[in-house]
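What follows is the residue order along each chain.
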Amino acid sequence: MTETTDRLESGDRIELKFPARGDLIVLARLVTSAISARAGFDIEELEDLRLAVGELCLLTLQGSDAQHGDLHLELNVLGDAIEVVCTLERAGVATVPEPEAEEGARLSEQILDALVDEHGRESRDGSARAWLRKRRGGHAE
Amino acid sequence: MDQDFQIEQRAGSTPPVVTVRGEIDVATAPQLRECLHNVIAQGEGSIVLDLLGVTFLDSTALGVLVGALKRCRESGGELYVVVADPRIVKIFEITGLTSVFTIVDSLESVGAA
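My aim in this report is to walk through the structure given alongside it, one point at a time.

Scoring rules and cut-offs
Residues numbered from 1 in each chain as written. Chains lettered and ligands numbered in written order. Predicted model: local features only at pLDDT ≥ 70, side-chain atom pairs only at ≥ 80, totals over all residues. Buried ≥ 20, exposed ≤ 12 C-beta atoms within 10 Å, placed from the backbone. Helix = DSSP H or I, 4+ residues; strand = E, 2+ residues; numbered from the N terminus. Pairing = 2+ DSSP bridges. Right-handed = clockwise from strand over helix to strand, strands pointing away. Expected span 1.5 Å × (residues − 1). Contact = placed C-beta atoms within 7 Å.

### A word on the pairing of strand β3 (residues 47-57) of chain B
All names here are of chain B.
At step 1: Counting buried residues along β3, eight of its eleven residues qualify, which places the element largely inside the surrounding structure.
At step 2: Bridge count between strand β2 (residues 17-24) and β3: seven bridges; the pairing is parallel. Directly across from glutamate 23, in β3, lies its bridge partner phenylalanine 56.
At step 3: Chirality of the crossover, the property in question, places the unit of β2, helix α1 (residues 29-41) and β3 among those that are right-handed.
At step 4: As paired strands, β3 and strand β4 (residues 79-82) are joined by four bridges and run parallel to one another. Of the residues in β4, the one forming a bridge with valine 48 is tyrosine 80.

See the structure below:
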């Protein structure tokens with residue numbers, strides 16, 4: 001038996017903060033894949049989480065002037081689940097709404113509905129926040 | 001970050017074939033949108049969109065495809081989506097878009113091999 005030392009345990013938390021640019025959302029996906037694997041999720045769940053976290057970031061950015069903000073990603077290992085919280089900090093309200101934003105948000109919500117066990121979002125005090133939770137072996141679909 | 005993303009239009013094929021490789025997300029979807037709009041603007045009614053080499057696709061990409069499909073149908077054509085990777089097919093399924101797009105699993109299926 002080989003003892004693994006890179007396993008994450010319940011209570012472990014990883015944080016990532018980066019400029020709120022679409023081309024950097026790939027960082028959130030990469031980190032989520034790595035953390036999910038270390039938290040014991042299988043390859044299919046890991047792919048689901050990678051896609052779901054990308055959608056979480058997109059939902060958080062929607063309707064904001066993200067060019068002036070940061071995305072703060074917090075990944076919490078909670079027993080057999082992982083919780084991801086995405087917060088947009090220091091951004092203003094978008095002056096020109098994206099024409100496809102509404103359709104995009106609808107698709108994001110559908111994807112999250114199918115891939116994770118729980119999710120939600122809120123805007124408060126000038127910052128937007130979205131979160132998801134997925135259990136190992138939960139088969140959210 | 002998008003060094004693996006590639007998009008090309010195959011010359012001389014009818015209907016035109018647009019081949020995409022890599023990840024289509026919020027960073028790369030605008031390139032796909034521009035390419036499809038250019039092809040549609042050339043007067044081509046239908047397009048074959050080859051996604052066999054696509055490894056990731058998000059809601060932004062789906063939004064671009066829906067927009068291109070509407071434009072194709074407005075001009076009497078169709079957007080044929082070629083996809084075989086189960087992970088990519090799954091994204092179309094969970095968003096209900098398998099009933100919206102004409103999805104095939106090979107270029108041969110639409111006579112574009």
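Next comes the rest of the account.
### A short note on helix α1 (residues 25-38) of chain A
All names here are of chain A.
At step 1: Spanning 14 residues, α1 covers 20 Å between terminal C-alpha atoms, matching the ideal 20 Å at 1.5 Å per step.
At step 2: All of the buried residues along α1 are Ile25, Val26, Ala28, Arg29, Thr32, Ile35 and Ser36.
At step 3: In the core, the buried residues of α1 are packed alongside β1 (13-19), α2 (43-61), β3 (70-78) and β4 (81-89).
At step 4: Just downstream of α1, glycine 40 is the residue with a positive phi angle, here 95 degrees.

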